[in-house]
Amino acid sequence: MVWVGGVPEPRLVVREMERSGVLDGRWVRGEVVGPAVGEAAWDRWRSETAVAATPVRLKDQSVRWMVLAEGRLAREGNGLSHGGRDDRFVIEDDWLCGLDVPVRAWWWRMGEGTRQLIERRVRFEIGQKANRSAHRAEVQGHRVYLLEESAEPWTVRTAIEAMAAMGGWEIGTATIPAEEAEASLGVAVDVSKHLGDGLTALLEAHGLRVHREMTMESGSVVERRGIYPAWHGRRVCVVGSVLGKGGESTLSVASGPEYEAGRSWTAEGGAWEIESTFELVPGWDPALAGPTTPDAYFAKTWGGFATYANVYRLWVLNEDGYFTQAPYGQPVFDLGTFFGQPGLVGRRVPFTDCLVLDETGQRKAAVVEMSFDDGVTWSRYWGAVTTRTDRAGIYLDDVFLPGEYLPLARLGVVRVRVTASLICPEPVRMSRWTGNPFMGLDPPTTLDVSSAFGFRRVDQASIHAQGVRSGQLASVEGDSTGAMTSWLSRYVQRVGRRDAAGSTVKTELAGLWGQLRVGDELTGLSVAGREADGRVMRVRKVTCHWSAGEGGKAGVGSSVVEGSWEWMRE
């Protein structure tokens, strides 16, 4: 039945309904039966809200009208068919139409308690670019976070709440598992073009979907929306409801293997960046140095300076072992032990800024210190210093080495240390397996999530460690190990199994199954007469077809359900 403006219109007969996508999008198509419809009727229909619903008899024998779609009725085509007029219509889903809008830039918070319209993309950023405001604001009856250059991270829940306020729609987030709702946003979301595209990207990245419950109550449509995990759905047995030759159950496998092969899924996050205090070793040939070496050798203005350019000036960590070979003979710094990743041999890793912040909120530059009493006391080096970009090291860059430094350096009593950060040459990797390796191996998949998960730590050996632990110094520390582990587990659960199986299955069911939801599990299916061996069909799309009955009215029909294989959950 179709209502237009609250009035039943028997002339509008539904022929097809589809329900699909993580947004639970719907559309209904049909035709006008009976006498030709004038333009005045079409004008009235187009200006009113149209509702397509089907009756469902409950156990207590009462009837409830389940809404298939609600929206604007549009004329899809007209022409001559079988000697008469052929008028077709489509009901465009109000929910999807409301999401097909761009979001304005006034969602930026500029300054204390103010908002300003600026020309900027409305984008939920992640990682170091995170742009959630520190405090909520009242917007269209919702208390939500705005966008602000504050580096506060968005969670799945706060991002959805902000998008709901932007679109002016209601949606429940209480049905999202707490672990996933409070997880950091895993993808940057751009809503500058279409709000629906942004919401789709967010839900797909986190294995979520919208579920809509629409019913007719007292002549009006009541819609309840909630967000659920993609795997959350009802289990429906369809034995005896599958169409096939001779009445037997049939199921077509459109593509992919019947059984799921094994596959390795690896997430690569950012690399560990660790601040510490490192003692350096001389980076020059000891044969070129000595107490009797003339001072002129160490002046950059001397014509033969190139030969002695590194003497008493270049201090290195020797992380790649280059300065261990002759003629240097210096000990190698063990990167593998420092980062807890064995095998980091022969790798060059330049120093980066400290992880602690200065009074302006910026990361401190590397701190160079010297000791002239075998490390008992240390003081900041007062001369010019350049941090090497090709390796972990520093260069004393004065035209003339300071007079106080040079004599002690000649005697070999100077020790140099640097407080800075090192970035591990290998990213943080986590792996999960799906499928059965005995059924074969699919190509491994690597997921780059470095923009979403960061790893930074101030080591206990850093001169700043005590200040950071006591709260006197601010830093940009962060460890996403737990968040990245949870994200990968959810990813392979919702996407990995489906992609690893590589199968899209489709079945035609007898009767109308318009109340099947995306995410439901179908049981009782078989392939080529064999049981599905503990597998279920996870519903992705449902399409119902009504046949033409007497007088053009809708008669019996069938439903085509598309989905993917999954193993049955306990």
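Definitions and limits used
Residues numbered from 1 in each chain as written. Predicted model: local features only at pLDDT ≥ 70, side-chain atom pairs only at ≥ 80, totals over all residues. Heavy atoms only, no water. Helix = DSSP H or I, 4+ residues; strand = E, 2+ residues; numbered from the N terminus. Contact = heavy atoms within 4.5 Å. Areas by Shrake-Rupley, 256 points an atom, 1.4 Å probe, with all protein chains shown as cover. Salt bridge = Lys/Arg side-chain N within 4 Å of Asp/Glu carboxyl O. Buried < 20%, exposed > 50% of the residue type's maximum accessible area, 1.4 Å probe, protein only. Expected span 1.5 Å × (residues − 1). Arc of directions from axis to C-beta. Core = buried A, V, L, I, M, F, W, Y, C linked by side-chain atoms within 4.5 Å. 1 Å grid on protein atoms, 1.4 Å probe; cavity = no way out; pocket = protein on both sides within 12 Å on 5 of 7 lines; lining within 4 Å. Points joined across faces, edges and corners; volume = space filled by probe spheres on them. Nonpolar A, V, L, I, M, F, W, Y, C, P; charged D, E, K, R; others polar. Phe/Tyr/Trp six-rings, centres within 6.5 Å; stacked < 30°, edge-to-face > 60°. Lys NZ or Arg CZ within 6 Å of the ring centre and 35° of its normal. Pairing = 2+ DSSP bridges. Polar contact = N/O pair within 3.5 Å; in protein donor to acceptor, adjacent residues only side chain to side chain. Axes fitted to C-alpha atoms, helices over the stretch in contact; angles between N-to-C directions. Parallel < 35°, antiparallel > 145°, perpendicular 65-115°, else oblique. Left-handed = near helix turned anticlockwise from the far one by under 90°.

## So, the overall build of the protein chain
The helix and strand tally for the protein chain stands at 9 helices and 34 strands. Contacts in the protein chain between residues far apart in sequence, at least 24 positions, make up 68% of those at least 6 positions apart. Surface accessibility of the protein chain: about 27,000 Å² in total, with carbon and sulfur atoms responsible for 51%.

## Digging into the pattern of salt bridges
This structure, assessed with the given rule, holds 37 salt bridges. One network of salt bridges, in which partners are shared, links Asp320, Arg348, Arg388, Asp390 and Arg391.

## Examining the side chain of His142
Residue placement: His142 occurs in strand β10 (residues 142-147). Residue classification places His142 among the buried residues on the basis of a relative accessible area of 17%. In contact with His142, not counting residues within four places along its chain, are Ala137, Ala165, Trp169 and Glu170.

## A few points about helix α3 (residues 156-167)
Look at α3: 17 Å from first C-alpha to last across 12 residues, which is about the 16 Å you get at 1.5 Å a residue. Within α3, 10 of the 12 residues are buried, which leaves it mostly tucked inside the rest of the structure. What α3 keeps buried is the set Val156, Arg157, Thr158, Ala159, Ile160, Ala162, Met163, Ala164, Ala165 and Met166. Trailing α3 by a residue or two, Gly168 shows a phi angle of about 70 degrees, which is positive.

## Topic: helix α1 (residues 39-47)
Here α1 has its buried residues at Ala41, Trp42 and Trp45. Considered in projection along α1, the buried side chains sweep an arc of 100 degrees and stay on one side of the axis.

## A closer look at the nonpolar core
Grouped together as the largest cluster of nonpolar side chains are 79 residues, with contacts concentrated most on Phe124, Leu203 and Leu422. With 33 residues, the next largest nonpolar core counts Val2, Val37, Met537 and Cys544 among its residues.

## Overview of the layout of surface pockets
Summary: where empty space remains is shown by rolling a probe the size of a single water molecule over the atoms. What the largest pocket holds in volume is close to 700 Å³. When residues of the lining of the largest pocket are traced back to their parent elements, those giving at least two are β16 (261-279), β27 (455-458) and β28 (478-479). Among the elements that make up the lining of the largest pocket, the one with the highest residue count is β16 (3 residues). Each residue belonging to the lining of the largest pocket can be placed in one class, and the counts come to 13 nonpolar, 9 polar and 6 charged.

## Some details on the packing of aromatic side chains
Under the criterion given, the structure shown has 20 aromatic pairs. Taking the centre distance of 5.3 Å and the plane angle of 75 degrees together, the rings of Trp284 and Tyr312 count as edge-to-face. Placement of the pair is Trp284 in the loop between β17 (281-282) and β18 (314-316) and Tyr312 in the loop between β17 and β18, with a sequence separation of 28 residues. We note that Trp284, like Tyr312, is buried. With centroids separated by 6.1 Å and ring planes inclined at 50 degrees, the aromatic side chains of Trp302 and Tyr308 adopt a geometry described as tilted. Taken together, the aromatic side chains of Phe278, Phe333, Phe338, Phe339 and Phe351 make up a single cluster linked through ring pairs. Its end group placed over the ring of Trp272, Arg457 keeps NZ or CZ at 5.3 Å from the ring centre.

## Thoughts on the pairing of strand β12 (residues 208-217)
Most of β12 is tucked away: 8 of the 10 residues are buried. Relative to strand β13 (residues 220-229), β12 is paired through 10 bridges, and the arrangement is antiparallel. Counterpart to Val210 in the pairing with β13 is Ile227. In this antiparallel pair of consecutive strands, β12 and β13, the connection spans 2 residues, and Ser218 shows a positive phi of 55 degrees.

## Digging into the side chain of Thr155
In this structure, Thr155 sits in the loop between β10 and α3. Polar side-chain contacts of Thr155 include one of 2.9 Å to the side chain of Thr158.

## Overview of the sheet that holds strand β22 (residues 385-387)
On the basis of which strands lie adjacent, the open sheet formed by 4 strands has the order β17-β18-β23-β22 and antiparallel pairing. Single-partner strands in this sheet number two, and they are β17 and β22. Alignment of β17 against β18, held across 2 bridges, turns out to be antiparallel. Counted as the bridge partner of Val281 is Val316 from β18.

## Points about the packing of α3 against helix α5 (residues 195-205)
Each pair of packed helices can be summarised by the angle the axes make with each other and by the distance between the axes. Packing of α3 against α5 leaves a shortest axis separation of 11 Å and a crossing angle of 165 degrees. Regarding the angle of α3 to α5, the classification is roughly antiparallel. Where α3 crosses over α5, the handedness of that crossing is left-handed. For the pair α3 and α5, contact is made by Val156, Ala159, Ile160, Met163 and Gly167 and by Leu195, Gly198, Leu199, Leu202 and Leu203, respectively.

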